[in-house]
Amino acid sequence: HERLERRKLPTKIWAFDHNFDMAQTYVKPMLDSPGFTLAVAAVAFHDYRGEPEEMSLLHYQYPDLPVLITERARHNLAAMLRMIACFRHWAIGHISWTTLCDERGGPHQYAGGHDQAARAWDELRSGSILTVPSGEPARYVKTLVYHYYAHFTRFVQRGARRIARNVPPLEHVTHVAWHNPAG
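Rules used throughout
Residues numbered from 1 in each chain as written. Predicted model: local features only at pLDDT ≥ 70, side-chain atom pairs only at ≥ 80, totals over all residues. Heavy atoms only, no water. Pairing = 2+ DSSP bridges. Helix = DSSP H or I, 4+ residues; strand = E, 2+ residues; numbered from the N terminus. Right-handed = clockwise from strand over helix to strand, strands pointing away. Salt bridge = Lys/Arg side-chain N within 4 Å of Asp/Glu carboxyl O. Buried < 20%, exposed > 50% of the residue type's maximum accessible area, 1.4 Å probe, protein only. Core = buried A, V, L, I, M, F, W, Y, C linked by side-chain atoms within 4.5 Å. 1 Å grid on protein atoms, 1.4 Å probe; cavity = no way out; pocket = protein on both sides within 12 Å on 5 of 7 lines; lining within 4 Å. Points joined across faces, edges and corners; volume = space filled by probe spheres on them. Nonpolar A, V, L, I, M, F, W, Y, C, P; charged D, E, K, R; others polar. Axes fitted to C-alpha atoms, helices over the stretch in contact; angles between N-to-C directions. Contact = heavy atoms within 4.5 Å.

(A) Quick look at the pairing of strand E1 (residues 13-19). Here E1 runs beside strand E2 (residues 40-46); their pairing, made up of six bridges, is parallel. Looking at E2, one finds that Asn 19 is bridged to His 46. Remark: the E1/helix H2 (residues 23-32)/E2 crossover connection has right-handed handedness.

(B) How the structure looks around the pattern of salt bridges. Taken as a whole and judged by the stated rule, the model has five salt bridges. Here Arg 139 makes a salt bridge to Glu 136, at a shortest N to O gap of 3.4 Å. Accessibility expressed as a relative area gives 36% for Arg 139, which makes it partly exposed. Residue Glu 136 is classed as partly exposed on the basis of its relative accessible area, which comes to 34%. Bridged by salt links that share partners, the residues Asp 47, Glu 51 and Arg 82 form one connected network.

(C) Representation of the nonpolar core in the model. Counting residues in each nonpolar core, the largest one holds 30 residues, and the members touching the most others are Val 43, Phe 45, Met 55 and Leu 58. Of all the secondary-structure elements, those providing two or more residues to this core are E1, H2, E2, helix H3 (53-61), strand E3 (67-71), helix H4 (77-88) and helix H5 (144-153). If you tally residues by element for this core, the top one is H4, at five residues.

(D) Layout of the environment of His 75. Looking at the secondary structure, you find His 75 in the loop between E3 and H4. By relative accessible area, His 75 is classed as partly exposed at 32%. For the pair His 75 and Tyr 148, spaced 73 residues apart in the sequence, the C-alpha separation amounts to 8.8 Å.

(E) Quick peek at the layout of surface pockets. A volume near 750 Å³ is recorded for the largest pocket. Around the largest pocket, the lining comprises 27 residues; the ones closest to its centre are Ala 91, Ile 92, Gly 93, Ala 160 and Trp 178. Of all elements in the fold, only H4, strand E4 (91-94), H5 and strand E8 (161-162) reach the threshold of two or more residues within the lining of the largest pocket. In terms of residue class, the lining of the largest pocket is built from 16 nonpolar, seven polar and four charged.

(F) Inspection of the sheet that holds E2 at higher detail. Strands sit in the order E1-E2-E3-E4 across an open sheet of four strands; the sheet is parallel. Whereas interior strands pair on both sides, the edge strands pair on one side only; in this sheet they are E1 and E4. Each strand of the sheet is rotated relative to its neighbour by a mean of 30 degrees, with strand direction disregarded. Sitting on the sheet, H2 is in contact with E1 and E2, with an inclination near 165 degrees to E1. Against the sheet, H4 touches E3 and E4, its axis set at about 145 degrees to E4.

(G) Highlighting the pairing of E4. One ladder, built from two bridges, connects E3 with E4; its direction is parallel. When the sheet's bridge partners are listed, Val 67 is paired in E4 with Ala 91. Regarding the hand of the β-α-β motif, the stretch spanning E3, H4 and E4 is right-handed.

The structure is reproduced here in structure tokens:
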């Protein structure tokens, strides 16, 4: 932290970048260390293990430290409801694991491919936000994920604050609310 300040580098550090289930056993002790929060701009989470409620607990312990999701593909309605749950638990942002893929969900970082590679391509149900069809490198297709994200990006402005809600989700309906800077 001191080296960054001496060199006048405007670096923002997002600490952790792992699963919810380790928030209290790994992140909290780090944040409790003297001076550690001075170097941290946010705490980043993946959504593969644990529950989003861990972000709320961390938010109540460190209310001035933002939390966000930095890795998770959302490819169906159930996954989008999970994203709403993340926002309900104070996530200030969500970064998709995949933005642009080929028609089989690639390229793949793991040897042997990815679970989507074996499926027939469905331009609407790709895990990515945009898909490039085979043989058409100048064309892209907006997937369902693109349209799911549009529900948020059309209405939630940069700098919006998630506001408290006191109405619990209904059985098949969930919600989250923000206050935009412009009102």
